Amino acid sequence: MLLQCSEQKLQGNNMILHTAVKYFHSGQDWSHNGFPDKEHLPHFITSNLEHDAVKLVLEHFAEEGIASVTFVPASPKTGHVMVDDVIAAIRPSTCMISIMLANNETGIIQPVKEMFERVKQINTSRKTIPKILLHTDAAQAIGKIPVSVQDLGADYLTIVGHKFYGPRIGAIYVKDLGSSKEVPLYPMFYGGGQERSYRPGTENTAMIAGLGQASKLVTENIDKYNRHMEKVRDYLEDRLKAEFGEEICFNGRIGKSCRIPNTCNMSLLSVDCSGSEVLSHCTHVQASVGAACHAQNRPSPILLALDIEEDVARRAIRLSVGRETTQEDIDCAVNDLKQAVEKIQSKNTCTSAQRVE
C-alpha cells in the first residue's frame, strides 16, 4: 500500500524509523533475556552514504539515547556498502536495517536485494528477539531502473514523486499494511481518521492522482527510459573525456559497480576552484555539486566517505540527464562547461599578471 507523505520522503522516513523504535519496545521483555544494558536500546544499521532524511534522524536517535546506530562504511573499492559488513554489524537488539537503493550523488546501486535475502535467513532463527525490519529509500532509483518491492524483499520502501517526473509528493510502501503484526506502522501524528488513521490530515487528491499517473508511466516505459538515459549519459561522459582528457575525474565510476543511468558525478581538475564556482560561470548548465538540499560550499561528505581526495571532492559537479535529453543538449552542456573553465583560467591569468606587476 502507498501512504501519502506531503513533505516528500522526510516524513515517510521519519515515520518508518520511529515505527522501528516502537516495534522494538512493544516486543519481548528484555530483562528476561540476559542481554547487557546497551542491548536494551533498539539498534539500527545503516551506511555512511545515506541521505540526511535517514542519516540525521538516526544521529538524533543516538544523541538522545533513543537508539544505538551502526553506520557501516562503504568500500572505496566499490562505492557501495558490502553485504558481509552489514551482516557482521547485526546484534540481538538490531531492529532495522535501512540502506538506500541507489546513491543520490554517485548513482551507485547498493546491493540491497542480496543483503535483504541474507537478513531474512537470519530472521528465521530470531525466535525470542525482534525480527529485523528491512527498509530501503528508493527515491533516487525509481524511474531510472526497474524497482520491485517483492524482488528486493523490502518491508518498507520510500518513494519521491518529483524524482520521476511526478508532483512534489512522497509515499511509503509497507508490506501487508494493516494485516501483519510482523511489519507494523505506527502513526507519528494524531487528530484525524484519514489514511486509516496512519497519517491525519486532508489528502491532497490532485497530487496523489499525479503520483499514480507518474508511477503508471514508469511501470509501462521503464526499459525505454533506462536505455535512453544510459545512452545519453554515456555520450556525456565520452564527450567530457574527449574535451578535458586527463583533467577530469569521474567520481561515480568505481570498480565494476553498477550505476543508475542518469547520473554523472565528475570533477574538473584543470582549474583550482570549487565545482560551484565552475557552475556560476556557466550560461546554460544547471547542476549541483552534491545533494540539492545540502550546502553547496563544502566538499561532499559522500565523496569523502569513499576516500576521494578532498581537493577532488571540492571540485565535484553532479550532472543528470533525463528522458528528453538529446545528444545536442549534451554538446551544448559540454561546450558550456569548456567555456566556463576558459573564463576562470583567463581570470586567474589576469590576476597573476597583476600580482607580478
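Everything below is about the structure shown above.
Report on the accompanying structure.

The rules behind these values
Residues numbered from 1 in each chain as written. Predicted model: local features only at pLDDT ≥ 70, side-chain atom pairs only at ≥ 80, totals over all residues. Heavy atoms only, no water. Pairing = 2+ DSSP bridges. Helix = DSSP H or I, 4+ residues; strand = E, 2+ residues; numbered from the N terminus. Axes fitted to C-alpha atoms, helices over the stretch in contact; angles between N-to-C directions. Contact = heavy atoms within 4.5 Å. Phe/Tyr/Trp six-rings, centres within 6.5 Å; stacked < 30°, edge-to-face > 60°. Lys NZ or Arg CZ within 6 Å of the ring centre and 35° of its normal. Expected span 1.5 Å × (residues − 1). Salt bridge = Lys/Arg side-chain N within 4 Å of Asp/Glu carboxyl O. Buried < 20%, exposed > 50% of the residue type's maximum accessible area, 1.4 Å probe, protein only. Core = buried A, V, L, I, M, F, W, Y, C linked by side-chain atoms within 4.5 Å.

### Describing the sheet that holds strand β9 (residues 263-268)
And step 1. What the 3 strands build is an open sheet, ordered β8-β9-β10; its pairing is antiparallel. Among the strands making up the open sheet, the edge pair consists of β8 (248-250) and β10 (316-320). Between one strand axis and the next, the sheet turns through 30° on average, direction left out of account.
And step 2. As paired elements, β8 and β9 share 3 bridges and run antiparallel to each other. If you follow F250 over to β9, its bridge partner there is M266.
And step 3. The strands that helix α6 (residues 205-244) touches are β8, β9 and β10; relative to β9, the one it contacts most, it runs at about 10°.

### Notes on the packing of aromatic side chains
And step 1. Applying the stated rule across the entire model yields 1 aromatic pair.
And step 2. Centroid distance F44 to F61: 5.7 Å. Interplanar angle 45°. Geometry classified as tilted. Of this pair, F44 sits in strand β2 (residues 43-47) while F61 sits in helix α2 (residues 52-63); the two residues are 17 residues apart in sequence, bridging distant segments of the chain.
And step 3. For the cation-ring pair, R323 lies above Y225, with the distance from its terminal atom to the ring centre recorded as 4.0 Å.

### What to know about α2
And step 1. Given a rise of 1.5 Å per residue, 12 residues ought to cover 16 Å, and the 15 Å separating the end C-alpha atoms of α2 matches this to within 8%.
And step 2. Positive phi shows up at G65, right after α2, with a value of about 75°.

### Quick word on the pattern of salt bridges
And step 1. Taken as a whole and assessed by the stated rule, the structure comprises 16 salt bridges.
And step 2. Among the ionic pairs, K131 bridges to D155, the shortest N-O distance being 4.0 Å. Of the two residues, K131 is situated in the loop between α4 (112-123) and β5 (133-137) and D155 in the loop between α5 (149-152) and β6 (156-160); the sequence distance between them amounts to 24 residues.
And step 3. With relative accessibility at 1%, the residue D155 sits in the buried group.

### Side note on unusual backbone geometry
And step 1. Positioned with a positive phi, Y165 is a non-glycine residue whose angle comes to about 70°.
And step 2. With respect to the element layout, Y165 can be found in the loop between β6 and β7 (170-174).
And step 3. The backbone of D176 shows a phi angle near 50°, a positive value even though the residue is not glycine.
And step 4. You can see D176 is positioned in the loop between β7 and α6.
And step 5. The class of D176 is partly exposed, set by a relative accessible area of 43%.

### Digging into the nonpolar core
And step 1. Ranked by size, the top nonpolar core spans 36 residues in total, and within it I97, M115 and L157 carry the most contacts.
And step 2. Listed by contribution, the elements that provide at least two residues to this core are α3 (83-88), α4, α5, β6, β7 and α6.
And step 3. Apart from residues no more than four positions distant in its own chain, L157 is found in contact with H135, T136, A138, I142, V147, V149, L152, A171, I172 and Y173.
And step 4. If you look at the next biggest cluster of nonpolar residues, it comprises 27 residues, including L236, L240, V271 and I330.

### Some remarks on the pairing of β6
And step 1. Of all 5 residues in β6, 5 are buried; the element is thus mostly enclosed.
And step 2. A two-sided burial pattern is seen for β6, the buried positions comprising Y156, T158 and V160 on one face and L157 and I159 on the other.
And step 3. Where β5 and β6 come together, 3 bridges link them in parallel fashion. Residue pairing in the sheet places T136 in a bridge with L157 of β6.
And step 4. In this sheet, β7 lies alongside β6 in antiparallel orientation, the contact comprising 5 bridges. Along β7, the bridge assignment pairs T158 with I172.

Just distances and angles here, no functional claims.
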